Amino acid sequence: MELIKGGICAAKGFQASGVHCGIRKNKTKKDLALIVSQTRAAAAATYTTNLVKGAPIAVTKANISDGYAQAVICNSGNANTCNANGTEIAQGMCALVEQYTGISAKDVVVASTGVIGQQMTLDPIADGMQSLVDGLGENSKDAAHAIMTTDTQLKEVAVSFEIGGKVCSMGGIAKGSGMIHPNMATMLCFLTTDTAITPEMLQKALSATIVDTFNMISIDGDTSTNDMVVILANGMAENPCISEAGEDFDVFCKALKELCTIISKKIAADGEGATKLLVCSVSHAETDAIARTVSKSVICSSLLKAAMFGADANWGRVLCAIGYSGAPVDIHKIDVQFHSDAGSVLVCKDGMGTDFSEPLAKEVLMRDEISIDIDLKSGDACASAFGCDLTYDYVKINGDYRT
């Protein structure tokens, strides 16, 4: 397995495009993206668990209920959530794809991101469709820019791997910077692969992968109304079709997890106002569930996130977050260590404080990526959660997000 270039266009048979159609006031910001497969593809998805859901989610669920899709259309600048005409708009976007590409509207994944509860019209999308379709090509970056809202960094990645003697590719783009605390997926993420795999096994792979990747991200504790992760697999790599568990499926799942882990870290590092990526890794837990619960609780702690912003080795906040996580752990066995490329510092041993160098700890916590390593000394399970520091800019960004 290796990292390759191309994003969502790395896989055979996929093209993408991104344009500014007029949903966003800033004309320099792209706001409409399109991804198209040369052939109909197996499709799988996961969605937000928030009871308030954007209309595109219901439309997408219906469209890929047969396990197949051929295109993805997504706008930014308006979430199409809590709108009286939301379903009409989402279905209209699918119809526009059919009108301009010939792909059936029932084979279209539709997504929206932006402000909730704002009136929306199809007019700018219809006006931008010709240029969007004309721009189809190896334009993963254009599509990635078009789905961004408060993101400051483009998020795309691709990997290649071998199945049955055939080289397969998989790529993805994502957006997400605020309102991120998923319970299924995270914000918006579109994945493409040329691997031949049945819809059932594709869904199985995606559902298993998000547990330790997208579901382990938290930026601000708010679960979005529009979260969606979708993967399309068009089979153009011509590998023996994966229809059951086995070695080929394991290779596919490994590649998918690697891709999604990289994207998850990119999303966490680009949290609104963030200056640091935080990775909380729990080892020697009694069960996977305990490891996930502990790591997610720590990464969600506002007090811990603020301490990381200030490069303050206030390890008591780590213990505090473990203590209220609800996970059954022996607090008298816990070790905590802060680590970065500046070094490592053990701050807690067997649930108690240890003597450590404050200047070294400060240096460790001043870096762009910080690891919070927790050893529960109770078993063999492990998990990692991804987050960011809490800064003044987070409040500034969200104080006037709508206006």
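None of these values were measured; they are calculated from a predicted model. (Residues numbered from 1 in each chain as written. Predicted model: local features only at pLDDT ≥ 70, side-chain atom pairs only at ≥ 80, totals over all residues. Heavy atoms only, no water.)

Undergrad: Just to check I follow, could you spell out the pairing of strand β3 (residues 32–47) for this structure?
TA: Successive side chains on a regular strand alternate, one facing one side of the sheet and the next facing the other. Along β3, 13 of the 16 residues are buried, which leaves the element largely enclosed by surrounding structure. Sheet topology places strand β2 (residues 14–19) next to β3; six bridges connect them, and they run antiparallel. Paired with Val19 across the two strands is Leu32, which belongs to β3. Pairing geometry for β3 and strand β4 (residues 68–78), over seven bridges, is antiparallel. Residue pairing for β4: Ala41 is matched across the bridge by Ala69. Relative to strand β9 (residues 228–233), β3 runs antiparallel, the two being bridged by six bridges. Bridged to Ala43 within β9 is Leu232. (Buried < 20%, exposed > 50% of the residue type's maximum accessible area, 1.4 Å probe, protein only. Helix = DSSP H or I, 4+ residues; strand = E, 2+ residues; numbered from the N terminus. Pairing = 2+ DSSP bridges.)

Undergrad: I keep staring at the environment of Phe214 and nothing clicks. Help me out?
TA: Along the polypeptide, Phe214 turns up in the loop between α5 (199–211) and β9. The class of Phe214 is buried, set by a relative accessible area of 0%. Along the primary structure Phe214 and Ser378 are separated by 164 residues, whereas in three dimensions their C-alpha atoms are 26 Å apart.

Undergrad: How do you make sense of the packing of aromatic side chains when you look at a structure like this?
TA: Within a pair of aromatic rings, the relevant descriptors are the distance that separates the centres and the angle that separates the planes. For the structure on display, the rule yields two aromatic pairs. Ring geometry for Phe309 and Tyr392: centres 5.2 Å apart, planes at 90°, overall edge-to-face. With Phe309 in helix α8 (residues 302–309) and Tyr392 in helix α11 (residues 392–399), the pair connects residues that are 83 residues apart, well separated along the chain. (Phe/Tyr/Trp six-rings, centres within 6.5 Å; stacked < 30°, edge-to-face > 60°.)

Undergrad: I would appreciate a short explanation of unusual backbone geometry in the present structure.
TA: Generally, phi is negative for residues other than glycine and the peptide bonds are trans, each holding for most cases. The phi dihedral of Glu238 falls on the positive side, at around 65°, and the residue is not glycine. Positive phi, normally seen in glycine, also occurs at Lys377, with a value near 50°. With respect to the element layout, Lys377 can be found in the loop between β14 (369–375) and β15 (381–388).

Undergrad: Would you mind showing me how to read the sheet that holds β14 here?
TA: Strands in a sheet are paired, the pairing made by backbone hydrogen bonds, and the direction either parallel or antiparallel. Read from one edge to the other, the open sheet built from six strands follows the order β13-β12-β11-β14-β10-β15, with strand pairing classed as mixed. A single partner strand is all that each edge strand has here, and the edge strands are β13 (352–353) and β15. By the bridge criterion, two bridges tie strand β12 (residues 343–349) to β13 in an arrangement that is antiparallel. Directly across from Cys348, in β13, lies its bridge partner Gly353. Of the strands in this sheet, β10 (277–285), β14 and β15 touch helix α7 (residues 288–300), which is tilted by about 20° from β15. (Contact = heavy atoms within 4.5 Å. Axes fitted to C-alpha atoms, helices over the stretch in contact; angles between N-to-C directions.)

Undergrad: Explanation requested: the side chain of Thr113 in the structure shown.
TA: Checked against the element boundaries, Thr113 lands in strand β5 (residues 108–115). Here Thr113 falls in the buried class, since its relative accessible area comes to 8%.

Undergrad: Looking at this model, I keep getting lost on the pattern of salt bridges. Mind explaining?
TA: Where charged atoms of side chains with opposite charge meet at close range, the side chains can pair. Under the defined criterion, the tally for this structure stands at 13 salt bridges. Residue Asp212 is joined to Arg292 by a salt bridge in which the shortest nitrogen-to-oxygen separation is 2.8 Å. Residue Asp212 is found in the loop between α5 and β9, and its partner Arg292 is found in helix α7; the two are separated by 80 residues along the sequence. Taking the relative accessible area as the measure of exposure, Asp212 reaches 23% and is therefore partly exposed. (Salt bridge = Lys/Arg side-chain N within 4 Å of Asp/Glu carboxyl O.)

Undergrad: Sorry if this is basic, but what is going on with the nonpolar core here?
TA: Across soluble globular proteins, nonpolar side chains have a tendency to be buried as a group. By size, the foremost hydrophobic cluster in this structure holds 77 residues, and its most contacted members are Leu191, Phe252, Val336, Phe338, Ile372 and Ile374. Of the residues forming this core, the biggest block, 11 residues, is contributed by helix α6 (residues 247–269). Apart from residues lying up to four places away in sequence, Ile372 is in contact with Val279, Cys280, Ser281, Val298, Leu304, Met308, Val318, Val336, Gln337 and Phe338. Counting 28 residues, the second-largest nonpolar core is a separate cluster that includes Ile8, Ile35, Ala41 and Val230. (Core = buried A, V, L, I, M, F, W, Y, C linked by side-chain atoms within 4.5 Å.)

Undergrad: I would appreciate a short explanation of helix α10 (residues 358–365) in the present structure.
TA: Along an α-helix, a turn takes 3.6 residues, which lines up residues three or four apart on a common side. Here α10 has its buried residues at Ala361, Val364 and Leu365. Projected down its long axis, α10 shows its buried positions confined to an angular sector of 90°, all on one face. In this structure, the buried side of α10 is in contact with α8, β11 (335–340), β12 and β14. Capping of α10 at its N-terminal end is provided by Ser357; its side-chain oxygen lies 3.1 Å from the backbone amide nitrogen of Leu360. (Arc of directions from axis to C-beta. Polar contact = N/O pair within 3.5 Å; in protein donor to acceptor, adjacent residues only side chain to side chain.)

Undergrad: Looking at this structure, I do not really get the state of the cysteines. What am I missing?
TA: Working definition: the covalent bond between the sulfur atoms of two cysteines is a disulfide. This structure, assessed with the given rule, holds zero disulfides. With no disulfide partner, Cys320 has as its closest neighbouring cysteine sulfur the one in Cys348, 13 Å distant. With relative accessibility at 43%, the residue Cys320 sits in the partly exposed group. Its relative accessible area of 0% is what places Cys348 among the buried residues. (Disulfide = S-S within 2.5 Å.)

Undergrad: Which parts of the structure should I look at to understand helix α9 (residues 316–323)?
TA: What α9 keeps buried is the set Val318, Leu319, Ala321 and Ile322. Buried residues of α9, viewed axially, fall in a sector of 160°; they line one side. Considering only its buried residues, α9 is in contact with α7, α8, β11, β12 and β14.

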